[in-house]
Amino acid sequence: SASIHFRKCMAIDKTKVDPYIDLALLLTEKGKLREASSVIEDGLRVKEDAYLLWILGRIAIEKKDYVRAKDLIERANGIDPELYFSYNDLGIALMKLGKFGEANAAFSVAYAINPDSAEINSNIALSLLKMGKNTEALNYAKKAQELLPESEKIKKLIQRIENK
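Quick summary incoming for the structure in this document. Since this is a predicted model, take the numbers as computed values, not measurements.

Calculation notes
- Residues numbered from 1 in each chain as written.
- Predicted model: local features only at pLDDT ≥ 70, side-chain atom pairs only at ≥ 80, totals over all residues.
- Heavy atoms only, no water.
- Helix = DSSP H or I, 4+ residues; strand = E, 2+ residues; numbered from the N terminus.
- Buried < 20%, exposed > 50% of the residue type's maximum accessible area, 1.4 Å probe, protein only.
- Contact = heavy atoms within 4.5 Å.
- Core = buried A, V, L, I, M, F, W, Y, C linked by side-chain atoms within 4.5 Å.
- Axes fitted to C-alpha atoms, helices over the stretch in contact; angles between N-to-C directions.
- Parallel < 35°, antiparallel > 145°, perpendicular 65-115°, else oblique.
- Left-handed = near helix turned anticlockwise from the far one by under 90°.
- Nonpolar A, V, L, I, M, F, W, Y, C, P; charged D, E, K, R; others polar.

Considering the side chain of Ser122
Structurally, Ser122 can be placed in helix α8 (residues 118-130). Exposure remark for Ser122: the relative accessible area of 10% places this residue in the buried category. Ser122 has contacts with Ala144, Ile154 and Leu157, leaving out every residue within four places of it along the chain.

See the structure below:
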């Protein structure tokens, strides 16, 4: 299985974090968050890696530990400031903490790196809506809809903004 393969790779080269990343992502997809966290902690003993910290941050979001998620993802961003998905997840954690302005700033960094992401455009729209900036929010929501026209979630967000 893939899990066995990744563990063999870890045993062969104890200086690389790639198999830890791959196994942690696989386990996370399967909903095995505790096991994925353990693999990441092992990987972090090999190297403080942005991807490992980001995955651990995603797991913290799944567990609704938004303060821990924020801290882990900020560490990841400090190592690799080009991880747009990491900034997007930072924004999600900040939204859950009620820090809409900070969330908007995180989403804006993600947008600067990857402006063609429907999810990022939608998240910026939501943060702007929470900040009372409905006109700006509608612009980002409509861009998100252009990028992903079949999304019911985005259609509902547009309706929500327009009804404000």
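Re the nonpolar core
Counting 28 residues, the largest nonpolar core has Ile61, Ala141, Leu157 and Ile161 as the members making the most contacts within it. Those elements giving two or more residues to this core turn out to be α4 (50-62), α5 (66-79), α6 (84-96), α7 (100-113), α8, α9 (134-147) and α10 (152-162). For this core, the element with the most residues is α8, which contributes six residues. With 23 residues, the next largest nonpolar core counts Leu23, Ala24, Leu53 and Leu56 among its residues.

Some words on the packing of helix α2 (residues 18-29) against helix α3 (residues 33-46)
Running from amino to carboxyl end, α2 crosses α3 at an angle of 165 degrees, the nearest separation of the two axes being 8 Å. Here α3 runs roughly antiparallel to α2, going by the angle between their axes. Along this stretch, α2 crosses α3, giving a crossing that reads as left-handed. Along the contact surface, α2 presents Tyr20, Leu23, Ala24, Leu27 and Thr28, while α3 presents Leu33, Glu35, Ala36, Val39, Ile40, Asp42, Gly43 and Val46. Residues belonging to the contact of α2 with α3 are distributed by class as follows: nine nonpolar, two polar and two charged.

Any functional reading would require information beyond the geometric quantities listed.
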